[in-house]
Amino acid sequence: MRKPLVVALCALALAGAGVTPAVAAAPTPTGADTAAGTGAGAGAGSTTVLDVVDGVAGTAADTLSGLTGPKAAAVNFAGTVSLSNCSGSVVRLPQSAGSDPALVLTNGHCLESGFPAAGEVLVDRASSRTFGLLNSAGTRVATLRANRLVYATMTDTDAAVYRLGTTYAQIKSAYGIDALTLSATRPAAGTAISVVSGYWKRIYTCSVDGFAHRLKEGNWTWKDSVRYTPACDTIGGTSGSPVVDDATGKVVAVNNTGNEDGARCTVNNPCEVDANGVVTVRQGINYAQQTYPFTACFGTGSRLDLGASGCTLPKP
């Protein structure tokens, strides 16, 4: 998973750039976005995630032409955010009103408080976490602040939703940026997609290769996970990135993990388990968690309603 970064850093060293490769840090979530929109690092070792490397190494690596992937014509960085340790996006439900408080979507493993245990679901927690809002060019134009952690889990899915103290209309008025809309339908295999990382300011383009009935990594198991074609070789720091359907511009999943070393069902090496219990390991392949289930679980005012008809998200 980190191979592209390692190769890039080696190339810089050979070129006399004098860059010292960064080492993935232990989990040190701060809960606050840094001034430059890149944090000290995401969880590593004990995490199930794409662990984050130091922002300096990322900046150096990003100077290589191979790190900035081609963008789909209709997909850019507008509405994406950088966290202290991950990526994310300002999202709205199909039924959201401009006067509703805006929501930010990222991974459950990106929480500032650490990783939810298997079976744990967090709802309606106080939060003051900040997010760096990006415009279409990937320039940070504002710092947004949450007032609640609405929902977070690493059970069945790997997602966290924060509610801001700012409405969608206020963000649009102040910065000219619309939230990304969550698709209410399940994506299909073959769908052209873009994985948009606010942390690295990089867009990966590929297609939905298929779906993992169950994706198991360490103690965590996720259902009906999206599997990318190899072109989306996401790296540490892309966790929480929105996965955008290139044709509709809507979010269909949230990027979360990949098999780095070819190991079987271990941390940073998820395995696929089919309905018959057959395990498949796909080294170098990356995954995301579908987001359409969230559209049935929110009501007026961006309020979570886990008891709503059709809401299938795990409950506390």
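Note: the structure precedes this text.
My aim in this report is to walk through the structure given alongside it, one point at a time.

Scoring rules and cut-offs
- Residues numbered from 1 in each chain as written.
- Predicted model: local features only at pLDDT ≥ 70, side-chain atom pairs only at ≥ 80, totals over all residues.
- Heavy atoms only, no water.
- Helix = DSSP H or I, 4+ residues; strand = E, 2+ residues; numbered from the N terminus.
- Buried < 20%, exposed > 50% of the residue type's maximum accessible area, 1.4 Å probe, protein only.
- Contact = heavy atoms within 4.5 Å.
- Areas by Shrake-Rupley, 256 points an atom, 1.4 Å probe, with all protein chains shown as cover.
- Phe/Tyr/Trp six-rings, centres within 6.5 Å; stacked < 30°, edge-to-face > 60°.
- Lys NZ or Arg CZ within 6 Å of the ring centre and 35° of its normal.
- 1 Å grid on protein atoms, 1.4 Å probe; cavity = no way out; pocket = protein on both sides within 12 Å on 5 of 7 lines; lining within 4 Å.
- Points joined across faces, edges and corners; volume = space filled by probe spheres on them.
- Nonpolar A, V, L, I, M, F, W, Y, C, P; charged D, E, K, R; others polar.

Turning next to the overall build of the chain. Secondary structure summary: the chain contains 3 helices and 18 strands in total. Counting across all 316 residues of the chain, residues that qualify as buried make up 53%. If you take every contact in the chain between residues at least 6 apart in sequence, the share linking residues at least 24 apart comes to 68%. Approximately 11800 Å² of the chain is accessible, and the part contributed by carbon and sulfur atoms is 53%.

Looking now at the packing of aromatic side chains. Per the counting criterion, the structure on display carries 3 aromatic pairs. An angle of 65° between the planes, with centres 5.3 Å apart, marks the rings of F131 and Y162 as edge-to-face. Of this pair, F131 sits in strand β5 (residues 130-134) while Y162 is found in strand β7 (residues 159-167), placing the two residues 31 residues apart along the sequence. Ring geometry for Y199 against W200: centres 5.0 Å apart, planes inclined by 75°, an arrangement best described as edge-to-face. Of the two residues, Y199 and W200, neither departs from the other in class, the shared state being buried. Positioned above the aromatic ring of F211 is the side chain of R186, whose terminal nitrogen or guanidinium carbon lies 3.9 Å from the ring centre.

Turning our eyes to something else, we now look at the layout of surface pockets. There is about 230 Å³ of room inside the largest pocket. Lining the largest pocket are D156, T157, K223, D224, Q289, Q290, Y292, P293, T312, L313 and P314. Where the lining of the largest pocket is concerned, the elements lending two or more residues are β11 (220-228) and β16 (286-290). Partitioning the lining of the largest pocket into residue classes produces 4 nonpolar, 4 polar and 3 charged.

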